[in-house]
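Each chain is listed here by its residues.
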Amino acid sequence: MSSGSQRNPTLSVEVPLGDRSYPIKIGTQQIDSFSQTILATLPDLSHALVIADTAVEDPWAKQLTDSLTACQTEGGKPVRVSTLSVPSGETSKSVSQLSEIWQWMLDCSTDRSSVLIAVGGGVIGDLAGFAAASFTRGIRFIQVPTTLLAMVDSSVGGKTGINLPTSKNMVGAFWQPSLVLIDTDVLSTLPERAYISGLAEVIKYGVIDDADFFDWLEANATKLVAREDEAVRHAIAESCRSKSRVVGEDERETSGRRAILNYGHTFAHAIEATAGYGELLHGEAVAIGMQMAANMAVDLGMCDASLLSRQNDLLLACGLPTTFAEADVDAMLPVMQRDKKVSHGKLRFILPERIGSVGLVGDIAPDAVIRAIESCR
Ligand code: GLY
C-alpha cells in the first residue's frame, strides 16, 4: 500500500496485533507532515512529550517539535509540547536516566492522554518506550527512528527496556507504539559505518523469511550502499513487513517463532562481549555471526553451501565484514553458554535451511560451535 506522489510515495506496513495493531509509515522528506499523521491517529491529543537523542535534536527533533507546536487540539488550543534530550549511547539505557525521565514526565503534568514520542536510534526507543510503558502504568507512545538499525528492527515489535550494570536489556516491557514514523531523509546525517551496519539486519530478513527479498537485495546492493531513496524505502518496508509477520505470530516470544529474528545474534553477542567495547558495531557483529551460523548449518548438513556463498557475497557487496580474525573461541564459548537461548545447558542456534527459511536447532555440540567460529577467522 502506498500514498503520496509517484516520485516519493509513502509506504505503509501494518503490524497485525489485534487491538494493538499499528502502521509503520515510510517516506522521504516527510518529517514536517508527521504532526498531521500523529493528530490523525490520536485526534484527542493535547500533550506531546518528545525525547530525542542529542545527536538528532537539531534538525530532526526540532523540525518535529516545531510542527507539533503549530498544531491545535480538538478544542482549538495549541498542542502542548515538552522536550527532553538524552545523551547518545548505550549508557543512557540506565535506571538513573529512566528515573530522570519519570521525574521530568511528572514535572510536565503527564497523564494518560499524553503521548511520548521517541526520536533517535535503538537506545532512545528502548528507554523512552519503557518510560511510556511504566509511567502511570502506560501512556501512548510513538517511535520516530533515526538510524537504519532502529528503522528495521528495534522500533518495530514493542520490545522496550533498560540495562542493569551487568545485564543488557534485563528490565523492560512489551509495549507497542501507536505509530512508527520513518523519514529516510534523516539517514543523511547518519555516519557511513552506522548506516552500513544497519544493512546487516536488512539482509537477515532475506535469509530468515523472504527469498524474493534476498534476490532483490542481490540486484540492488549498490543502490542501497549509495542510499538511493527508492531502494532504501523499499528495503526498509520489506524488512518491516518481515518483522511484522514474525511479531504478529509471536508477540511475546513464547512460541519460539520470534526467536528467528536472532539469526546470527548468539555469535554476534559473544563477539561483541569479547572483542572489546566499541571494536565492532552491532550490525558488523551480526554480519559475522550470520556467516558463523551459515557455516555451522553447512557443516551440519542442514543447508547447501551455495547459501553460505550467496550470503557472503551479499554482505561483502553491502560493505559488511564476514570474518573476524580476532575472534577468541575460548572467550566466546562461555558467553554463548550464558545466552538466553541456551536451554538446560544445551546450545541452541537459529540456523538456515535455505534462503528464506531458518529453524531453531537444539543440542549443538561445542565442537561444532568452535568449528563455526574458526571458519570466520
Ligand atoms: N530484535 C529482536 C526482536 O525484536 O525480537
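Below: a short report on this structure.

What counts, and where the lines are drawn
- Residues numbered from 1 in each chain as written.
- Predicted model: local features only at pLDDT ≥ 70, side-chain atom pairs only at ≥ 80, totals over all residues.
- Heavy atoms only, no water.
- Core = buried A, V, L, I, M, F, W, Y, C linked by side-chain atoms within 4.5 Å.
- Buried < 20%, exposed > 50% of the residue type's maximum accessible area, 1.4 Å probe, protein only.
- Helix = DSSP H or I, 4+ residues; strand = E, 2+ residues; numbered from the N terminus.
- Contact = heavy atoms within 4.5 Å.
- Near = heavy atom within 4 Å.
- Polar contact = N/O pair within 3.5 Å; in protein donor to acceptor, adjacent residues only side chain to side chain.
- Nonpolar A, V, L, I, M, F, W, Y, C, P; charged D, E, K, R; others polar.
- Phe/Tyr/Trp six-rings, centres within 6.5 Å; stacked < 30°, edge-to-face > 60°.
- Lys NZ or Arg CZ within 6 Å of the ring centre and 35° of its normal.

1. Here we look at the nonpolar core
Phase 1 of the analysis: Residues I117, I203, F267, M336 and V369 are the most contacted members of the largest nonpolar core, which totals 107 residues.
Phase 2 of the analysis: By residue number, the principal contributor to this core is helix 10 (residues 282-299), which donates 10 residues.
Phase 3 of the analysis: Excluding residues within four positions of it along the chain, I203 makes contact with F214, L217, M290, L314, L315, C318 and L320.
Phase 4 of the analysis: Formed by 21 residues, the second largest nonpolar core is a distinct cluster that contains M105, I124, F130 and A131.

2. Examining the environment of E284
Phase 1 of the analysis: Of note, E284 is situated in helix 10.
Phase 2 of the analysis: On the accessibility criterion, E284 (9% relative accessible area) is buried.
Phase 3 of the analysis: Separated by 117 residues in the primary sequence, E284 and S167 have C-alpha atoms spaced 21 Å apart.
Phase 4 of the analysis: Here E284 is in contact with R193, S197, L320 and P321, once residues within four sequence places are set aside.

3. Here we look at the site of the ligand
Phase 1 of the analysis: Near the ligand, the surroundings consist of D153, K159, K243, R258 and L261.
Phase 2 of the analysis: Measuring from an oxygen atom of the ligand, one finds a side-chain N or O atom of K159 at 3.0 Å.
Phase 3 of the analysis: Within the contact set of the ligand, an oxygen atom lies 2.7 Å away from a side-chain nitrogen or oxygen of R258.
Phase 4 of the analysis: Of the residues in the shell around the ligand, the class split is 1 nonpolar, no polar and 4 charged.

4. Comments concerning the environment of K77
Phase 1 of the analysis: Considering the arrangement of structural elements, one finds K77 in the loop between helix 2 (57-69) and strand 5 (80-86).
Phase 2 of the analysis: Judged by its relative accessible area of 60%, K77 falls in the exposed class.
Phase 3 of the analysis: What K77 contacts, discounting residues up to four positions off in sequence, is C71 and Q72.

5. Overview of the packing of aromatic side chains
Phase 1 of the analysis: Per the stated rule, a full pass over the model turns up 2 aromatic pairs.
Phase 2 of the analysis: Aromatic pair F213 and W216: ring centres 6.0 Å apart, planes at 20°, arrangement stacked. Here F213 pairs with W216, and both are found in helix 7 (residues 211-225), just 3 residues apart, close to one helical turn.
Phase 3 of the analysis: The class for W216 is partly exposed, based on a relative accessible area of 21%.
Phase 4 of the analysis: Seen from their ring centres, F267 and F349 are 4.9 Å apart, and the 25° between their planes marks the pair as stacked. Residue F267 is located in helix 9 (residues 265-274), and its partner F349 is located in strand 11 (residues 347-354); the two are separated by 82 residues in the primary sequence. Accessibility assignment for this pair places F267 and F349 in one class, buried.
Phase 5 of the analysis: The lysine or arginine in question, K204, covers the ring of Y205, its NZ or CZ lying 4.8 Å from the ring centre.
Phase 6 of the analysis: Looking at R227, its charged tip hangs above the ring of Y195, at a distance of 4.3 Å from the centre.

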